[in-house]
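# Coordinates in review
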Amino acid sequence: MKRILTVLMVLALGMVPLTALAGEGPLSLPKGANADANMHNEAGITSWNNGDAEGALGHFKEASAIDSSLGEVHFNEAVALDKIGKHGEATMHFKAALKRAGGNEKITKSKILHGHLRH
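Starting from 1, residues in each chain are numbered consecutively following that chain's sequence as written. For a predicted model such as this one, the threshold for reporting local features is a pLDDT of at least 70, and the threshold for listing and counting side-chain atom pairs is 80 or more; totals across whole chains, interfaces and linings nevertheless cover every residue. Working from all heavy atoms in the structure, the side-chain values ignore hydrogens and water.

### Details of the overall build of the chain
Helix and strand definitions here come from DSSP, where helices need a minimum of 4 consecutive H or I residues and strands a minimum of 2 consecutive E residues; each element is numbered from the N-terminal end. Along the chain, the regular secondary structure elements total eight helices and zero strands. Along the chain, from the amino end to the carboxyl end, the secondary structure elements read α-α-α-α-α-α-α-α. Relative to its 119 residues, the chain shows a buried fraction of 39%. It only takes one pair of heavy atoms within 4.5 Å for two residues to be counted as in contact. For the chain, the proportion of contacts with a sequence separation of at least 24, taken over those separated by at least 6, is 54%. Working note: accessible area of the chain is about 7,000 Å², and carbon and sulfur atoms make up 57% of it. Each residue's exposure class comes from its accessible area (1.4 Å probe, protein chains only) as a fraction of the maximum for that residue type: buried when under 20%, exposed when over 50%, partly exposed otherwise. In short, Shrake-Rupley with a 1.4 Å probe defines the accessible areas, and a residue's cover is counted only from the protein chains shown.

In structure tokens:
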């Protein structure tokens, strides 16, 4: 019985988005970023803060379509994808975020990012 409970606990934790464990969320864009990308990013952060990960993802995708050179837009897409359970897609965006981090330690030292890249 104890073994069954342990297995069930491990399976349950595997279904929890890493964002919930890491306590991390989307990032603001750096100063001087494209105004339209920034507008969508900020709208995404507002949606995220209101508990709407799907809505946030839509805005983050718009920001990324405008300027995909920023690590922050990929990071934000990744955390939203993780939150809705699309972990494979999230991992791809975490890789892109790390590549384009530009020294942003909120990306380079992110627990959720490194959790995805270890899998």
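From this point, things continue past the structure.
### Comments concerning the packing of helix α5 (residues 71-83) against helix α6 (residues 87-99)
Contact geometry of α5 with α6 gives a least axis separation of 8 Å together with a crossing angle of 160°. Considering their axes alone, α5 and α6 lie roughly antiparallel with respect to each other. Judged by the sense of rotation from one axis to the other, the crossing of α5 with α6 is left-handed. Within the contact between the two elements, α5 uses Gly-71, His-74, Phe-75, Glu-77, Ala-78, Val-79, Leu-81 and Asp-82 and α6 uses His-87, Glu-89, Ala-90, His-93, Phe-94, Ala-96 and Ala-97. Three residue categories are used. Nonpolar comprises Ala, Val, Leu, Ile, Met, Phe, Trp, Tyr, Cys and Pro, charged comprises Asp, Glu, Lys and Arg, and polar comprises the others, including Gly. Split by residue class, the contact of α5 with α6 holds eight nonpolar, four polar and three charged. Angular values range over 0 to 180 degrees, each being the angle between N-to-C directions of two axes fitted as lines to C-alpha atoms, with helices fitted over their stretch in contact. In these notes the angle categories are as follows: under 35 degrees is roughly parallel, over 145 is roughly antiparallel, 65 to 115 is roughly perpendicular, and the rest is oblique. Working rule for handedness: look at the near helix, and if it is turned counterclockwise from the far one by less than a right angle, call the crossing left-handed; if clockwise, right-handed.

### Structural notes on the pattern of salt bridges
Just to be clear on terms, a salt bridge is a Lys or Arg side-chain nitrogen sitting within 4 Å of an Asp or Glu carboxyl oxygen. According to the stated counting rule, one finds one salt bridge in the structure shown. The salt bridge partner of Lys-109 is Glu-105, with a shortest N-O separation of 3.6 Å. Note on Lys-109: relative accessible area 58%, which makes it exposed.

### Side note on the environment of Ile-112
Checked against the element boundaries, Ile-112 lands in helix α8 (residues 111-118). Accessibility expressed as a relative area gives 1% for Ile-112, which makes it buried.

### Focus: helix α4 (residues 53-66)
To estimate the expected span of a helix, subtract one from its residue number and multiply by 1.5 Å. Between its first and last C-alpha atoms α4 spans 20 Å; for 14 residues at 1.5 Å apiece the expected length is 20 Å, and the two agree. Of the positions making up α4, those classed as buried are Ala-53, Ala-56, Leu-57, Phe-60, Ala-63 and Ser-64. Projected onto a plane normal to the axis of α4, the buried residues spread over an arc of 120° and lie on a single side. Exposed and oriented more than 90 degrees from the buried face of α4 are Glu-54 and Ala-65. When we speak of the arc, we mean the arc of directions from the helix axis to the C-beta atoms.

### Overview of the packing of aromatic side chains
Two aromatic rings from Phe, Tyr or Trp, using only the six-membered ring of Trp, form a pair when their centres are within 6.5 Å; if the ring planes differ by under 30 degrees the pair is stacked, by over 60 it is edge-to-face, and anything between is tilted. Under the definition given, this model contains one aromatic pair. Their ring planes at 70° and their centres at 5.6 Å tell us that Phe-75 and Phe-94 sit as a pair that is edge-to-face. Remark: Phe-94 occurs in helix α6 and Phe-75 occurs in helix α5; sequence separation between them is 19 residues. Here the two residues Phe-75 and Phe-94 agree in accessibility, since each one is buried.

### Things to note about the side chain of His-74
Note on placement: His-74 falls in helix α5. On the basis of relative accessibility, which here comes to 8%, the residue His-74 falls in the buried class. Residues within four places of His-74 in sequence aside, it is in contact with Ser-64, Ser-68, His-93, Ala-96, Ala-97 and Arg-100.

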